[in-house]
Amino acid sequence: MQNYTQSFGLQWKKFSKTQMDDTDQKQSETRFFATTNWRPEELAGKSILEAGSGAGRFTRVILEKTSAYLWSFDYSEAVEANWQNNSDIAGGRLHLFQASIYQIPLPKASFDKVFCFGVLQHTPDFEASVKSLIKYAKIGAEIVVDFYPIKGFWTKIHAKYLLRPLTKKMSHETLLNILEKNIDSLITIFDFLVKAKLGVLTRFLPIVDLRTIPSTVDKQKRREWAILDTFDMFFPEYDNPQRIEDVAAMFERNGAKVAFAGFVKSSAGTGAVVRGVRES
Ligand SMILES: C[S@@+](CC[C@H](N)C(=O)[O-])C[C@H]1O[C@@H](n2cnc3c(N)ncnc32)[C@H](O)[C@@H]1O
């Protein structure tokens, strides 16, 4: 099925293993439990909905670290990568399918927990996506999302937003070729600026913020991860960062009481997070 998420299908099939080895999984686990504030014990036997699962790094956390039942979907062909990565450990607890957040083919109000990481800014209508997620949580159940934040007027003064109108129109081969050829120089310049305490200038470099890549990965892996995340910043159809307070207001407008809205720091990095509980 082809749709606006085609670039993600390509991305996750090409880099299906990049964020999935043991060290990466430790980071995904840390991010998952820090972001949700859930404990593995409280998830035992629960029904969880994961929206926009990509290659399945958080799918794996749930399957490996809890005994919950997971319904996980993505709108792109990334579901194929997720299935390859996780079907052997699913043990009958994973229901994986390709669908859009706006048309989830499941009964509403049926999940004990709902989460959606790194997805909402890539959907065409952020609030409609939040509204849909809330509808699938049971009354009293929790919904947790993380997303790209707007931190101030400078958020969009960034190589990403300046170049996206161009890069979105390129073929994925062209963009990947350009990245392959230039990534080493970009990494060198990026690291130099950070070392020289000029990190603020890195926003003008056409490369992902390398400080978001776990420091535990080796040089080769860091390069691969840099290509993946830089592709991820230039190619998606939509990139709509939001203010945290605006996302909290979306929760409240759509029937969920906000339990937390702010930045969550962990060894896996810092994420903009909103957690809410469905009230109506
Ligand atoms: C940046 S990736 C994040 C994947 C995964 N959550 C992770 O953190 O590794 C964003 C994902 O959102 C998916 N996506 C975008 N729009 C969607 C929609 N309307 N419904 C479901 N998934 C969507 C994309 O296909 C992509 O796999």
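Above this text is the structure in question.
Every chain is numbered independently, its residues counted from 1 as its sequence is written. Note on the predicted model: pLDDT of at least 70 is required for a residue's local features to be given, and 80 or more for side-chain atom pairs to be given and counted; whole-chain, interface and lining totals, by contrast, use all residues. Side-chain metrics in this entry use all non-hydrogen atoms of the structure; hydrogen atoms and water are not considered.

(A) The nonpolar core, seen in detail. Among buried residues, the Ala, Val, Leu, Ile, Met, Phe, Trp, Tyr and Cys ones that are joined through side-chain atoms within 4.5 Å form a nonpolar core. Buried, partly exposed and exposed residues are distinguished by accessible area as a fraction of the type maximum, computed with a 1.4 Å probe on protein chains only: under 20%, between the cut-offs, and over 50%, respectively. Ranked by internal contacts, the top residues of the largest apolar core, which has 29 residues, are Leu133, Ile143, Val145 and Phe251. When residues no more than four places from it in sequence are discounted, the contact partners of Phe251 are Val130, Ile134, Ile143, Val145, Ala256, Val258, Val274, Arg275 and Gly276. Every residue pair with non-hydrogen atoms within 4.5 Å of one another is taken to be in contact.

(B) Main features of the site of the ligand. Around the ligand, 22 residues are found, and the nearest of them are Tyr4, Gly52, Arg57, Asp74 and Phe117. Side-chain polar atom of Tyr4 to a nitrogen atom of the ligand: 2.7 Å apart, as the coordinates give it. Here a polar contact means two N or O atoms within 3.5 Å. Within protein one must be a hydrogen donor candidate and the other an acceptor candidate, and residues neighboring in sequence count only if both atoms are side-chain atoms. The contact in question runs from a nitrogen atom of the ligand to an N or O atom on the backbone of Ile101, over 2.9 Å. Only the protein chains shown count as covering a residue, and every accessible area follows the Shrake-Rupley method with a 1.4 Å probe. Here the ligand loses 97% of its free accessible area of 600 Å² to cover by the protein chains. Sorting the residues of the shell around the ligand by element identifies α1 (6-14), α3 (57-65) and β2 (69-74) as the ones contributing at least two each. Among the residues making up the shell around the ligand, the classes are represented as 10 nonpolar, nine polar and three charged. A cutoff of 4 Å decides nearness: a residue is near a molecule or strand if any of its heavy atoms lies inside that distance of it. Runs of H or I in DSSP of at least four residues are treated as helices and runs of E of at least two as strands, each being numbered from the N terminus. Asp, Glu, Lys and Arg are counted as charged, while Ala, Val, Leu, Ile, Met, Phe, Trp, Tyr, Cys and Pro are counted as nonpolar; the rest, among them Gly, fall into the polar class.

(C) Region of the structure containing the layout of surface pockets. Approximately 160 Å³ is the volume attributed to the second largest pocket. Buriedness of a pocket was judged along seven lines, with at least five required to meet protein on both sides within 12 Å; pockets are open sets of points on a 1 Å grid over the protein atoms alone, cavities are sets where a 1.4 Å probe fits but cannot get out, and lining residues have an atom within 4 Å of a point. What lines the second largest pocket is simply Leu163, Leu166, Thr167, Met170, Leu175, Ile178, Leu179, Asn182, Leu186, Pro206 and Phe234. Counting only elements with at least two residues in the lining of the second largest pocket, the list comes to α6 (159-167) and α7 (172-195). Counting residues per element, the lining of the second largest pocket draws most heavily on α7, which supplies five residues. Considered class by class, the residues forming the lining of the second largest pocket number nine nonpolar, two polar and no charged. Grid points are joined across faces, edges and corners, and a volume is the space filled by probe spheres set on the points.

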